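# Structural description and commentary
Each chain, written out:
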Amino acid sequence: MIKNAVSLVTGGASGLGRATVERLARQGARVVLADLSSSKGSEVAREIGDNVIFVPVDVTSEKDVQTAVQTAKEKFGRLDLAVNCAGTATAVKTYNFNKDVAHRLEDFTRVITVNTIGTFNVIRLSAGVMGINEPNKDGQRGVIVNTASVAAFDGQIGQAAYSASKAAVVGMTLPIARDLSTQGIRVCTIAPGLFNTPMLQALPEKVRTFLAKSIPFPQRLGEPSEYAHLVQAIYENPLMNGETIRIDGALRMQP
Ligand SMILES: CC(=O)CC(=O)SCCNC(=O)CCNC(=O)[C@H](O)C(C)(C)COP(=O)(O)OP(=O)(O)OC[C@H]1O[C@@H](n2cnc3c(N)ncnc32)[C@H](O)[C@@H]1OP(=O)(O)O
Ligand SMILES: NC(=O)C1=CN([C@@H]2O[C@H](COP(=O)(O)OP(=O)(O)OC[C@H]3O[C@@H](n4cnc5c(N)ncnc54)[C@H](O)[C@@H]3O)[C@@H](O)[C@H]2O)C=CC1
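This is a predicted model, so every value here is computed, not measured.

### Comments concerning the overall build of the chain
Along its length, the chain carries 9 helices and 9 strands. Across its three principal axes, the chain shows a C-alpha extent of roughly 60 × 40 × 40 Å. For the chain, the proportion of contacts with a sequence separation of at least 24, taken over those separated by at least 6, is 70%. When the accessible surface of the chain is summed, it comes to about 12300 Å², and 54% of that surface belongs to carbon and sulfur atoms.

As structure tokens, then:
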């Protein structure tokens, strides 16, 4: 059960991560909220309550992530759940023939570094701390939840970097679940559709409206609390492992 679970949530200052921190704290879990030092993490943690500690973290930094997992251990005694929500997006064509310019390699690299390598960094270091937990009666020591995107499967025009970064998260889910199975650590990935968060609000209004209308049912953007609900369901269901779960109202994005 989620009550008393010690959790680490990256990207916890905004959107899906913030909703996850709120839900976990409300259910009695203790949470390390990890987000960039430039984020509102400190404010958000204070608002949510005493069960939440903000640690400034860039998920691409080994040192920062070490500090975050050690904080969970030192302040709360263990780490049971790590949720990877930190992420970034870009929308650029591979080659823009109108402007005669190629997608910048720096932009492609940045998105892969945060979304794929940052996620892996958090997984590997969290696993080290979870692996020494006392197992429960099922032999479970911890749970890791990653965030991909439906763009891992049906990325749109302009999503080469973002889709590649998220497809890599989907791709690593099963092998990591297999790697960590010996220690009783489960690993699942959520592939969200379109959720009402600051990241989506950055899209042009026209694109957002068009996208929302293409969702079969319910025909609206997802609420971050609905994502958080799935994180809890994964944590509480002992058989969920090695799988990527879409939460998207049956959306299949068009080109
Ligand atoms: C965050 C998640 O994980 C979930 C998601 O993936 S949400 C989906 C995110 N989708 C995107 O980010 C789409 C990315 N692509 C784009 O924004 C654009 O295609 C692009 C900026 C990369 C290139 O656009 P472009 O071809 O240079 O043409 P541009 O002049 O910008 O747009 C052409 C027209 O098509 C529209 N358009 C572009 N992409 C569109 C899309 N995906 N859906 C609907 N309309 C779109 C534009 O609004 C524009 O309309 P007007 O001419 O009437 O103003
Ligand atoms: N909103 C949506 O519709 C969808 C979002 N997603 C994914 O869900 C995750 C959360 O997205 P949203 O909440 O919408 O975005 P958001 O932009 O509201 O929140 C992302 C958070 O990640 C943090 N972050 C970014 N780079 C970081 C880094 N290097 N280290 C630490 N923290 C960092 C940001 O500071 C921010 O607080 C992302 O991985 C995103 O790709 C996937 C599918 C759909």
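### Topic: the sheet that holds strand 2 (residues 30-35)
Read across the sheet, 7 strands follow the order 3-2-1-4-7-8-9 without closing on themselves; strand pairing throughout is parallel. Among the strands making up the open sheet, the edge pair consists of strand 3 (52-56) and strand 9 (244-247). Here the average twist between neighbouring strands, direction ignored, is 20 degrees. In this sheet, strand 4 (residues 81-84) lies alongside strand 1 (residues 6-10) in parallel orientation, the contact comprising 4 bridges. Residue pairing for strand 4: valine 9 is matched across the bridge by valine 83.

### Here's the deal with the site of ligand 2
In the vicinity of ligand 2, 26 residues are found, and the nearest of them are Ser14, Asp35, Tyr162, Phe195 and Thr197. At 3.4 Å, a backbone N or O of glycine 193 approaches an oxygen atom of ligand 2. Here ligand 2, which alone exposes 830 Å², has 91% of that area covered by the protein. Contributing elements (two or more residues each) for the shell around ligand 2: helix 1 (15-26), helix 6 (160-180) and helix 7 (198-201). Examining the composition of the shell around ligand 2, we find that 3 residues originate from one element, helix 7, more than from any other.

### Description of the site of ligand 1
Lys93, Ser149, Ile157, Tyr162 and Lys206 are the nearest of the 19 residues found near ligand 1. Within the side chain of serine 149, a nitrogen or oxygen atom sits 2.7 Å from an oxygen atom of ligand 1. One of the side-chain nitrogen or oxygen atoms of glutamine 156 is found 2.8 Å away from a nitrogen atom of ligand 1. Taken together, the elements giving at least two residues each to the shell around ligand 1 come down to helix 7 and helix 8 (205-213). When residues of the shell around ligand 1 are assigned to their parent elements, the largest contribution, 4 residues, is made by helix 8.

### Considering helix 4 (residues 105-130)
An ideal rise of 1.5 Å per residue puts 38 Å on 26 residues; helix 4 measures up with 36 Å between its terminal C-alpha atoms. At threonine 113, helix 4 shows its strongest bend, of approximately 35 degrees.

### Considering the side chain of threonine 10
Secondary-structure assignment places threonine 10 in strand 1. Here the side chain of threonine 10 touches alanine 86 through a polar contact of 3.0 Å, landing on its backbone nitrogen. If we skip the residues at most four places from it in the chain, threonine 10 touches Gly17, Ala34, Val59, Val83, Asn84, Cys85, Ala86 and Val122.

### Some remarks on the packing of aromatic side chains
Counted according to the given criterion, the structure contains 1 aromatic pair. With a centroid separation of 4.7 Å and 40 degrees between ring planes, the pair formed by tyrosine 95 and phenylalanine 97 is classed as tilted. A relative accessible area of 31% places tyrosine 95 in the partly exposed class. We classify phenylalanine 97 as exposed; its relative accessible area is 71%.

### Notes on unusual backbone geometry
A cis geometry characterises the amide bond from phenylalanine 217 onward to proline 218, with omega recorded as -10 degrees. You can see proline 218 is positioned in the loop between helix 8 and helix 9 (224-236). Notably, alanine 250 is not glycine yet its phi reads approximately 70 degrees, a positive angle.

### Some thoughts on the pattern of salt bridges
For the structure shown, the criterion picks out 10 salt bridges. A salt bridge links arginine 220 to glutamate 226; its shortest N-O distance comes to 2.8 Å. Taking the relative accessible area as the measure of exposure, glutamate 226 reaches 30% and is therefore partly exposed. With a closest N to O distance of 3.1 Å, aspartate 248 and arginine 252 form a salt bridge. Judged by its relative accessible area of 12%, aspartate 248 falls in the buried class. Several salt bridges share partner residues, and in doing so they unite Asp154, Arg246, Asp248 and Arg252 into one network.

Rules of the game
- Residues numbered from 1 in each chain as written.
- Chains lettered and ligands numbered in written order.
- Predicted model: local features only at pLDDT ≥ 70, side-chain atom pairs only at ≥ 80, totals over all residues.
- Heavy atoms only, no water.
- Helix = DSSP H or I, 4+ residues; strand = E, 2+ residues; numbered from the N terminus.
- Contact = heavy atoms within 4.5 Å.
- Areas by Shrake-Rupley, 256 points an atom, 1.4 Å probe, with all protein chains shown as cover.
- Pairing = 2+ DSSP bridges.
- Axes fitted to C-alpha atoms, helices over the stretch in contact; angles between N-to-C directions.
- Near = heavy atom within 4 Å.
- Polar contact = N/O pair within 3.5 Å; in protein donor to acceptor, adjacent residues only side chain to side chain.
- Expected span 1.5 Å × (residues − 1).
- Bend = angle between axes of the 7 residues up to and from the residue.
- Phe/Tyr/Trp six-rings, centres within 6.5 Å; stacked < 30°, edge-to-face > 60°.
- Buried < 20%, exposed > 50% of the residue type's maximum accessible area, 1.4 Å probe, protein only.
- Salt bridge = Lys/Arg side-chain N within 4 Å of Asp/Glu carboxyl O.

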